[in-house]
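Descriptive analysis of the structure
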Amino acid sequence: MLDGLNPQQREAVIHHGSPLLIVAGAGSGKTRVLTHRIAYLLAERKVHPGEILAITFTNKAAREMKERIDKLVGPRSKAMWVMTFHSACMRILRREAKRLGFPSSFSIYDQADSQRLMAMVCREMELDPKRYPPRSFSAQVSNFKNELIDYETAIDRAGSHLEKTLAQAYKAYQLKLTEAGAMDFDDIIMNTVTLFQLFPEVAEHYRMRFRHVLVDEYQDTNHAQYILIRELVGHPELRTADGDVVRPGADQSELCVVGDADQSIYAFRGATIRNILEFERDYPDARTILLEQNYRSTQNILAAANAVISRNESRKPKNLWSDQGDGPKLVGYVADNEHDEAMFVAQEVDRLSDEEGVKAGEVAVFYRTNAASRVFEEIFIRTGLPYKVVGGVRFYERKEVKDLLAYLRVLANPADVVSMRRILNVPKRGIGDRAEAMIEALSSRERISFWDALRRADEAYGMATRSLNAVREFVALIEELIAKGAGMPPSALAEEVLVATGYRAELEASEDPQDESRLENLNELVSVASEFEEANPEGTLVEFLEQVSLVADADQIPDTDGGQGVVTLMTLHTAKGLEFPVVFLTAMEDGVFPHIRSLGEPKELEEERRLAYVGITRAQKRLYITRAAVRSSWGAPSFNPASRFVSEVPGQLIDWRTDPEKSAWSAATSRAPAARPAPAKSGGRTVPTLTPGDRVTHDAFGLGTVVSVDGVAEKTKVKIDFGSGGEKTLLLAYAPLEKL
Ligand code: ATP
Ligand code: MG
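In this report, we go over the structure that sits alongside the text. Fair warning: this is a prediction, and the values are worked out from it, not measured in the lab.

What follows deals with the environment of Glu 727. Relative to the assigned elements, Glu 727 resides in strand S25 (residues 727-731). Separated by 22 residues in sequence, Glu 727 and Thr 705 place their C-alpha atoms 9.4 Å apart. Residues within four places of Glu 727 in sequence aside, it is in contact with Val 707, Lys 719, Ile 720 and Asp 721.

So, about the site of ligand 1. The environment of ligand 1 is formed by 19 residues, the closest being Lys 30, Thr 31, Gln 263, Glu 579 and Arg 618. Within the backbone of Gly 27, a nitrogen or oxygen atom sits 2.9 Å from an oxygen atom of ligand 1. One nitrogen or oxygen atom from the side chain of Arg 32 is found 2.8 Å from an oxygen atom belonging to ligand 1. Contact with the protein chains hides 84% of the accessible area of ligand 1, taken as 640 Å² for the molecule alone. If one sorts the elements of the shell around ligand 1 by residue count, helix H2 (residues 30-43) sits on top with 3 residues. Counting the residues that make up the shell around ligand 1, at least three belong to each of domain 1 (7-94 + 190-291) and domain 3 (299-390 + 558-656).

The next thing to look at is the packing of helix H11 (residues 223-233) against helix H12 (residues 274-282). The contact between H11 and H12 brings their axes to 11 Å, and the two run at 25°. Classified by the angle between their axes, H11 and H12 sit roughly parallel to one another. The two elements H11 and H12 meet at a crossing, and its hand is right-handed. Residue-level contacts link His 223, Tyr 226 and Arg 230 of H11 to Arg 274, Asn 275, Glu 278, Phe 279 and Asp 282 of H12.

Turning to helix H15 (residues 373-383), its buried residues number three or more, namely Ser 373, Val 375, Phe 376, Glu 378, Ile 379 and Phe 380. Two residues or fewer after H15 comes Gly 384, characterised by a positive phi angle close to 75°.

Attention shifts here to the sheet that holds strand S1 (residues 20-24). On the basis of which strands lie adjacent, the open sheet formed by 6 strands has the order S3-S2-S6-S9-S1-S10 and parallel pairing. In this open sheet, the two strands that pair with only one neighbour each are strand S3 (81-84) and strand S10 (287-291). Here the strands of the sheet are splayed against their neighbours by 15° on average, with no regard to which way each runs. Of the pairings in the sheet, the one linking S1 to S10 comprises 5 bridges and is parallel in character. In the strand pairing of S10, Val 23 is matched with Leu 290.

Applying the stated rule across the entire model yields 16 aromatic pairs. Relative to Tyr 624, the ring of Phe 344 has its centre 6.2 Å away and its plane inclined at 65°; by these criteria the two rings are edge-to-face. Here Phe 344, found in helix H14 (residues 338-356), pairs with Tyr 624, found in strand S16 (residues 619-628); they are 280 residues apart in sequence, far enough to count as distant. The same class applies to Phe 344 and to Tyr 624, which are both buried. The interplanar angle of 70° and the centroid separation of 6.2 Å between the aromatic rings of Phe 366 and Phe 580 together place this pair among those described as edge-to-face.

Cis geometry is found at the peptide bond from Val 426 to Pro 427, where omega equals -10°. Structurally, the position occupied by Pro 427 is in the loop between helix H17 (417-423) and helix H18 (433-446). That bond from Phe 593 to Pro 594 is cis: its omega, 5°, falls within 30 degrees of zero. With respect to the helices and strands, Pro 594 occurs in the loop between strand S15 (580-585) and helix H25 (602-616).

Quick look at the packing of helix H20 (residues 465-485) against helix H21 (residues 490-500) now. Look at H20 against H21: their axes get within 11 Å of each other, and the N-to-C directions meet at 155°. Put simply, H20 runs roughly antiparallel to H21. For the pair H20 and H21, the crossing hand works out as right-handed. In this structure, H20 contributes Leu 477, Leu 481, Lys 484 and Gly 485 to the contact, and H21 contributes Leu 493, Glu 496, Val 497 and Ala 500. Residues belonging to the contact of H20 with H21 are distributed by class as follows: 5 nonpolar, 1 polar and 2 charged.

Parameters at a glance
Residues numbered from 1 in each chain as written. Chains lettered and ligands numbered in written order. Predicted model: local features only at pLDDT ≥ 70, side-chain atom pairs only at ≥ 80, totals over all residues. Heavy atoms only, no water. Helix = DSSP H or I, 4+ residues; strand = E, 2+ residues; numbered from the N terminus. Contact = heavy atoms within 4.5 Å. Near = heavy atom within 4 Å. Polar contact = N/O pair within 3.5 Å; in protein donor to acceptor, adjacent residues only side chain to side chain. Areas by Shrake-Rupley, 256 points an atom, 1.4 Å probe, with all protein chains shown as cover. Domains from an automatic or database assignment. Axes fitted to C-alpha atoms, helices over the stretch in contact; angles between N-to-C directions. Parallel < 35°, antiparallel > 145°, perpendicular 65-115°, else oblique. Left-handed = near helix turned anticlockwise from the far one by under 90°. Buried < 20%, exposed > 50% of the residue type's maximum accessible area, 1.4 Å probe, protein only. Pairing = 2+ DSSP bridges. Phe/Tyr/Trp six-rings, centres within 6.5 Å; stacked < 30°, edge-to-face > 60°. Nonpolar A, V, L, I, M, F, W, Y, C, P; charged D, E, K, R; others polar.

Okay, here's the thing in structure tokens:
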């Protein structure tokens, strides 16, 4: 258990009793310490696996940790909870939800669902979407929840008119969620905290169960998660200076947290390194261990990382070193444009594979924003380089996938109003907006749920007979599916939904090639359900839906199967905690990375720099830094200067393959014409022909109306009004748009 650990790591593994904080730089073996500590607890301290709760940042990380522990201790590891904050809280809430007035089959609203619900609230409050954008309200409510501020407190604290409006919207939103028997992502944490605080006996129960709590990537926990941990492990007695007991003490579980303040990259979600500082205040007997040796990267890569992060003020200097030797220098490349940049990456991967036996699976390409993956995808497809995009247009965000899931969620919980309204007229069954509005009116008049209003549709005023019949048929369909569904495995039920609703038949009859890929996606979802059943033979529909709503981006990382594997494309945020022999940091341009938003904001700029540090420290042997002299953004060329982070790397560490100062002008005059932009057919999608007035749907922005169309061929731009999403100008050839 202690083999392959240095003295400090060993100390952390065997430390006994008081809370333990391990703060150390990237690649210093923090995650390794956690894994070994768990194995040690089981083997040497005779801890039962059921007494262990280990929190990781992604489900993927959880799985990896479980596998490693499996290898060390065998199948006993099954009783252990190794999971994300959300999964752990969800499990607790499923058991205890009734105490908070929720059904145990409560629905989970993801970001899109909760934004839709907030939009409904704002409409009902008759707020002007330009002055009170629902999206911004959603984000601010999320901030409240991360700070454990409930709507009553928000209302009390509100001063300005805007704050009061926001607090009222928060209240209305929350009441609607409760009515729908649903929780959003932030509620999952906040409600667990509330549960522990309102019901000390419940907190006590879990504290007695989890005698050991371990948390990875601690720097990215937000305040709510911090308090959750505190409630879960118990805390020492707290007294005022006069000796009055402010808070009685509790029998503490053992706590071990590991993190790196330099890798804190989720401030925008409320994460705060305040948690590390508070840790020492809240647990005065805490022990802190520092790790200084990096085992991941070569000295050149580490030197580059250290040079960049040292520019951040207000950080504790660290002394991270490596004994892996210098290794090759970093490679720098300035491309003429983004296509040339992607081509360089593809050719370089080929070269490394021919000359050095590097496998595709050992290579990762990082970028700052999701949208950047598209060009790499196009070039990799053209050059036949196998790749996988992690994140991006996610499977679970496709319309048809969300439709089928909405059906399943309705069957599990008919009170789920967002899902119910999503499928009310999908596939089309003659229940129009007018009928829907009447049902809604009935529901608020009679103070009954939307589902009950549907069942009592004959009491709705002014319903056309045709609509009424359509509603009756819909209600009969849902009731029949609910009756049939009891005891049916989720995959069979999903298939039943597709057949009974006519969804499958409609797609099969269609001539549109896109409908074929929709069918594939639906089949894929049915097989996700079958896989779930294989892994959980007793698994219920509710559990399946729960698992689906928790899939984090990082879960799509392919497991290298001993073969060549595939190149991984992902954003810098998703890369946290991972390592790859070869890393390409792309689009290193001021305005892209650091992000344009952060340029005038010292605090945000520091967060971007930490993100750069995360990116650089993922690389084990080779690191490439690339940028483009010209890049098209939203259809217009942009000329960004080199990223300041590149100039912060000492010059002698980089081997430039091009002139590092290359500009758009020198690129245009010194080289052949730039690579041709992508064809007008991207990702298998045919570009629609649009005229003003057409209704369209966009993968991210939803429904909209075309306002104007300008330009020709690949340069065609469309302006679209997305209602509460605002007006957007998009490049037609690239925009994920569909004409309705
Ligand atoms: P990050 O900050 O990026 O999350 P980390 O501190 O969690 O990094 P690990 O991922 O645990 O670091 O370790 C980095 C690499 O170093 C891994 O490949 C790990 O197996 C290896 N490693 C860690 N400690 C040792 C050691 N004592 N001897 C050999 N290899 C080690
Ligand atoms: Mg780690």
